[in-house]
Every structure is written in C-alpha cells, then in structure tokens.
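# Coordinate analysis (summary)
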Amino acid sequence: MRIHIATDHAGLELSRRLQDHLIRAGHEVVDHGPTSYEPLDDYPAFCIAAAEAVVRDQAAGVDALGVVFGGSGNGEQIAANKVDGIRAALVWNESTALLARQHNDANVISIGARQHPEDEAISFIDAFIAEPFSHDERHVRRIGQIAAYEESRPTDA
Ligand SMILES: O=C(CO)[C@H](O)[C@H](O)COP(=O)(O)O
C-alpha cells in the first residue's frame with residue numbers, strides 16, 4: 001500500500017522510525033515533511049499535502065492511506081479533515097484504530113506522538129492499515145451523509 005506521512009517537529013523522530021518500519025513491511029512511503037528538525041515549523045501545510053495526496057491516489061484507484069501526527073494529533077487531524085474526501089480519525093488505542101477503519105472507513109489516521117511510546121504509536125498505525133472497512137449498511141449510510149454535506153457546500157467563486 002502507498003502510505004502518505006506528514007508531521008511537524010513534535011513527530012519527526014517517530015516519522016523517521018515509522019517510515020523505516022513501513023518500508024520494511026513492504027509499503028511504499030511518501031513523506032510530506034518536514035525533512036529536518038525546525039522547532040517552530042507548522043503542521044498544517046504538511047498534513048494538508050498528505051491528505052490531498054490520499055484523495056488524489058484513492059480517486060485514481062491507488063490503494064493509499066495517510067498517517068499524520070504531531071504532539072497531540074489534534075491539529076493534524078483537524079488540518080487533514082479540511083480536505084474534501086478525507087476522513088481523518090484521532091487514534092489513541094488499538095480499539096479506536098480498528099473502529100476508525102471498520103466503522104468510519106477513515107483514510108487518514110492521526111496520532112499524538114507525545115502521548116504514546118513509539119512502539120505503541122506504531123502498533124496503532126499497523127492495526128489501522130491492516131484493518132478493512134466493514135461495508136455494513138449503517139456505516140456506509142453515515143459516511144454517505146458526511147460526503148453529501150461536503151458535496152452540498154457552495155464552492156468558493
Ligand atoms: O500537536 C500539535 C498540534 O495539534 C503540535 O505538534 C503541537 O501543538 C506543537 O507544539 P509546540 O509548538 O509547543 O512544540
């Protein structure tokens with residue numbers, strides 16, 4: 001699978017370790033930054049770039065997911081969810097990782113890198129990537145309602 005990754009200074013160490021881990025597991029990793037440690041860098045542009053790439057890939061039929069993380073994962077989730085077509089879930093244990101895929105068909109996982117030991121954060125990401133969407137009718141219906149809202153919004157002219 002192709003995995004788009006983005007973080008900020010708070011997640012850079014985890015990002016490096018995660019990228020090695022995912023590549024060793026056979027995934028194709030696309031790093032949307034940052035590439036070096038800058039304590040005053042800002043997560044939105046990195047996370048939005050990753051989220052846009054996930055939408056682009058999925059629209060083209062490419063098997064792709066996104067992983068964004070920072071200190072808490074909150075802002076990274078918010079930024080990713082501004083991109084139409086993104087369903088980014090803030091994950092904080094194995095259950096929320098699995099439910100994000102089973103119930104929400106989340107295409108981006110957000111994690112607080114300062115909230116978990118690295119091994120734990122990586123285990124949540126592994127669980128998220130491996131878990132399929134259930135395709136249960138009620139979940140399809142609810143996701144469809146979110147998409148319908150997105151599509152009903154007036155576009156900026
Ligand atoms: O998690 C984040 C946003 O939700 C950021 O990583 C966090 O706010 C960065 O904090 P600081 O600039 O104090 O290192």
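Please refer to the structure placed before this passage.
Scope of this entry: the structure provided in the associated data block. These numbers come from a predicted model, not from an experiment.

## Points about the overall build of the protein chain
Scanning the protein chain from terminus to terminus reveals six helices and five strands. When the helices and strands of the protein chain are listed from N to C terminus, the series reads β-α-β-α-β-α-β-α-β-α-α. A compact globule built from 157 residues should have a C-alpha radius of gyration of about 15 Å, and the protein chain, at 15 Å, falls within 12% of that. When the accessible area of the protein chain is evaluated, it comes to approximately 8,200 Å², of which 51% is carbon and sulfur surface. Side-chain charges in the protein chain split into 13 positive and 25 negative, and the spacing between the mean points of these groups amounts to 4 Å.

## Focus on the packing of helix α1 (residues 12–24) against helix α5 (residues 118–130)
A pair of packed helices is characterised by two quantities: the angle between their axes and the separation of those axes. Contact geometry of α1 with α5 gives a least axis separation of 11 Å together with a crossing angle of 45°. Comparing the axis directions of α1 and α5 gives the class oblique. With respect to the hand of their crossing, α1 and α5 are arranged in right-handed fashion. Across the interface between the two elements, Glu 13, Leu 14, Arg 17, Leu 18, His 21 and Leu 22 of α1 pack against Glu 118, Asp 119, Ala 121, Ile 122, Ile 125, Asp 126 and Ile 129 of α5. When its residues are assigned to classes, the contact of α1 with α5 shows seven nonpolar, one polar and five charged.

## Details of the nonpolar core
Residues Ile 5, Leu 18, Val 67, Phe 69, Val 91, Ile 111 and Phe 128 are the most contacted members of the largest nonpolar core, which totals 24 residues. No other element matches the seven residues that α5 contributes to this core. Leaving out residues up to four positions away in the same chain, Val 67 has contacts with Ile 3, His 4, Ile 5, Ala 6, Leu 18, Ile 109 and Ile 125.

Scoring rules and cut-offs
Residues numbered from 1 in each chain as written. Predicted model: local features only at pLDDT ≥ 70, side-chain atom pairs only at ≥ 80, totals over all residues. Heavy atoms only, no water. Helix = DSSP H or I, 4+ residues; strand = E, 2+ residues; numbered from the N terminus. Rg over C-alpha atoms; globule rule 2.2 N^0.38 Å. Areas by Shrake-Rupley, 256 points an atom, 1.4 Å probe, with all protein chains shown as cover. Lys, Arg positive; Asp, Glu negative; His and termini not counted. Charge placed at Lys NZ, Arg CZ, Asp CG, Glu CD. Axes fitted to C-alpha atoms, helices over the stretch in contact; angles between N-to-C directions. Parallel < 35°, antiparallel > 145°, perpendicular 65-115°, else oblique. Left-handed = near helix turned anticlockwise from the far one by under 90°. Contact = heavy atoms within 4.5 Å. Nonpolar A, V, L, I, M, F, W, Y, C, P; charged D, E, K, R; others polar. Core = buried A, V, L, I, M, F, W, Y, C linked by side-chain atoms within 4.5 Å. Buried < 20%, exposed > 50% of the residue type's maximum accessible area, 1.4 Å probe, protein only.

The analysis is restricted to geometry; functional conclusions fall outside its scope.
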